[in-house]
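# Structure assessment
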Amino acid sequence: AALAEIRREVHQALSLLDMAGAPACLTEKRLTRRDFTEELRAASNFAGPFNFTVGGFYQNGRIRDNEVLDGNTDYFLPPVVFEGYEINHIKTDSVFGQLRYKVLPQLELAGGARYSDEKRHLDSINFLSPGGGAAPVPVSLTNPGLHSKTTSPEVSITYTPTNDLTLFGDWKKAYKSGSYNMITPTNPAGPITFTNGGGTGVGANRNEDVPTEAAA
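Attention in this report is confined to the structure presented alongside it. (Residues numbered from 1 in each chain as written. Predicted model: local features only at pLDDT ≥ 70, side-chain atom pairs only at ≥ 80, totals over all residues. Heavy atoms only, no water.)

### A word on the overall build of the protein
When you go through the protein residue by residue, the secondary structure sums to 0 helices and 12 strands. Mapped from its N terminus to its C terminus, the protein presents α and β elements in the order β-β-β-β-β-β-β-β-β-β-β-β. Every one of the 216 residues in the protein was classed for burial, and the buried ones make up 26%. For the protein, restricting intrachain contacts to residue pairs at least 6 apart in sequence, the fraction spanning at least 24 positions comes to 58%. For the protein, the accessible area works out to roughly 13,700 Å², and carbon and sulfur atoms hold 58% of it. (Helix = DSSP H or I, 4+ residues; strand = E, 2+ residues; numbered from the N terminus. Buried < 20%, exposed > 50% of the residue type's maximum accessible area, 1.4 Å probe, protein only. Contact = heavy atoms within 4.5 Å. Areas by Shrake-Rupley, 256 points an atom, 1.4 Å probe, with all protein chains shown as cover.)

If you want it as structure tokens, here you go:
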């Protein structure tokens, strides 16, 4: 199976910095995001006790934040106080796999993992001569690049004694991708680790067709 997505978003905002009546400054922001993602996966359907799922994921994205700070000349400010933009480049390569084993017709064990290689790179540009008259000048950042490699394992057990009842327990470890705060670009956040373990039972009364669920 294959799933591909291309997405583009545009957001615009105005912000007034008020000083006792008339605004001293007006912030014009235009944020655009472009994403291309694709996932490929293959799953077996063997008659025996072993089956598997393997696949890969790719992402190539970009977030651009344009900002112009217009000044109020009545406050002895220049018409344009600041003009610049930041671009956050995003690239992710990931592979994953899962192996499933039917211990009994009603009992299945599964284990798998996902490996991800993620890169973020931030370009910060400032126009020294507001109004766009000068060539863009790169801003020196403390940490312009962020690179993380993570492995997310998982194991689960599923028991289906009847067609109306399924019991399972699992343990998973996952990561929230690190990235940049576009307002404070010099302090990127690395990946955050999450672990989860639990069990759930789901049942349904065939005659009434009313599902019940309990989780722990």
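Still more ground to cover, so stick around.
### Thoughts on the pairing of strand β7 (residues 145–162)
As paired strands, strand β5 (residues 107–126) and β7 are joined by 15 bridges and run antiparallel to one another. By the bridge assignment, R120 is partnered in β7 with L146. Where β7 lies against strand β8 (residues 165–176), 7 bridges are found, and the strand directions are antiparallel. The partner of T162 across the bridge, within β8, is L165. Linking β7 back to β8 in an antiparallel pair, the connection comprises 2 residues. (Pairing = 2+ DSSP bridges.)

### Some thoughts on the pattern of salt bridges
Where side chains of opposite charge bring their charged atoms close, a pairing between them can arise. For the structure on display, the rule yields 7 salt bridges. Here E39 ties to R41 by a salt bridge, and the two come within 2.7 Å at their closest N and O atoms. The shortest N-O distance in the salt bridge between R120 and E118 comes to 3.8 Å. One connected set of salt bridges, linked through shared partners, spans R7, R33 and D35. (Salt bridge = Lys/Arg side-chain N within 4 Å of Asp/Glu carboxyl O.)

### Concerning the side chain of D65
Within the fold, D65 resides in strand β3 (residues 50–71). Among the residues examined, D65 registers a relative accessible area of 8% and is labelled buried. There is a polar contact of 3.0 Å between the side chain of D65 and the side chain of K29. (Polar contact = N/O pair within 3.5 Å; in protein donor to acceptor, adjacent residues only side chain to side chain.)

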